[in-house]
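# Report on the structure
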Amino acid sequence: MKVQTTWGTITLTTDRAKIVGCSLPSLNKTPTKPFKGRVSKDWKNADEFFQGLKKEFPVIETPPGTDFQQAVWKAMQKIPRGKTRTYSEIAAAIGRPKAVRAVGTACGANPLPLFIPCHRVVAKNGLGGFGSGLPWKKMLLKSENAL
């Protein structure tokens with residue numbers, strides 16, 4: 001499914017009415033227009049999410065991945081909207097305090113970046129990375145008043 005937004009087209013991959021993938025368009029710079037998106041009436045909850053009306057969009061099940069990736073993704077889902085955690089805090093939370101770089105790799109492998117909030121994971125001294133580009137990370141954090 002394609003979601004037309006003011007920042008480009010977001011592609012949602014579905015399987016049996018569940019969102020299993022989310023691809024964000026490439027952005028060269030942080031957009032100046034407010035984020036707005038529209039989806040079909042069949043996806044009312046997603047529409048509310050994209051319009052900023054829902055605090056979170058529930059992910060019914062964690063996507064396939066290694067046990068480590070799943071642990072990181074579950075930890076990210078516990079980060080409240082408007083808050084951030086560092087890569088090292090996530091590593092400690094999953095009982096692997098020395099696996100800070102691996103946490104970053106797991107964040108980058110997240111197939112649902114809008115729904116499993118990897119944008120809320122930051123470096124100790126800055127934003128860190130984001131698979132869809134830093135303009136998306138900055139915008140998402142700013143929209144949640146976390147930046």
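Because the structure is a prediction, the values reported are computed rather than measured.

## Side note on the packing of aromatic side chains
- Applying the stated rule across the entire model yields 1 aromatic pair.
- Each ring, one from tryptophan 7 and one from tryptophan 136, has its centre 5.4 Å from the other, and the planes form 75 degrees; the classification is edge-to-face. With tryptophan 7 in the loop between strand 1 (2-5) and strand 2 (8-15) and tryptophan 136 in helix 5 (residues 134-143), this pair connects stretches of sequence that are 129 residues apart. Assigned by exposure class, tryptophan 7 and tryptophan 136 land together as buried.

## Digging into the packing of helix 2 (residues 67-77) against helix 4 (residues 100-108)
- Contact pair helix 2 / helix 4: the axes reach a minimum separation of 9 Å and the direction vectors enclose 80 degrees. Taken together, the axes of helix 2 and helix 4 are roughly perpendicular relative to one another. For the pair helix 2 and helix 4, the contacting residues are Phe68, Gln69, Val72, Trp73 and Met76 in the first and Ala102, Val103, Ala106 and Cys107 in the second.
- Here the contact of helix 2 with helix 4 is composed, by residue class, of 8 nonpolar, 1 polar and no charged.

## Let's talk about the pairing of strand 2
- Relative to strand 2, strand 1 runs antiparallel, the two being bridged by 4 bridges. Bridging across to strand 2, lysine 2 finds its partner in threonine 11.

## Remarks on helix 2
- Residues of helix 2 that are buried: Phe68, Gln69, Val72, Trp73, Ala75 and Met76. All buried residues of helix 2 lie within an arc of 160 degrees about the axis, which places them on one face of the element.
- Close packing links the buried residues of helix 2 with helix 3 (87-93), helix 4 and strand 6 (121-122).

Analysis parameters
- Residues numbered from 1 in each chain as written.
- Predicted model: local features only at pLDDT ≥ 70, side-chain atom pairs only at ≥ 80, totals over all residues.
- Heavy atoms only, no water.
- Phe/Tyr/Trp six-rings, centres within 6.5 Å; stacked < 30°, edge-to-face > 60°.
- Helix = DSSP H or I, 4+ residues; strand = E, 2+ residues; numbered from the N terminus.
- Buried < 20%, exposed > 50% of the residue type's maximum accessible area, 1.4 Å probe, protein only.
- Axes fitted to C-alpha atoms, helices over the stretch in contact; angles between N-to-C directions.
- Parallel < 35°, antiparallel > 145°, perpendicular 65-115°, else oblique.
- Contact = heavy atoms within 4.5 Å.
- Nonpolar A, V, L, I, M, F, W, Y, C, P; charged D, E, K, R; others polar.
- Pairing = 2+ DSSP bridges.
- Arc of directions from axis to C-beta.

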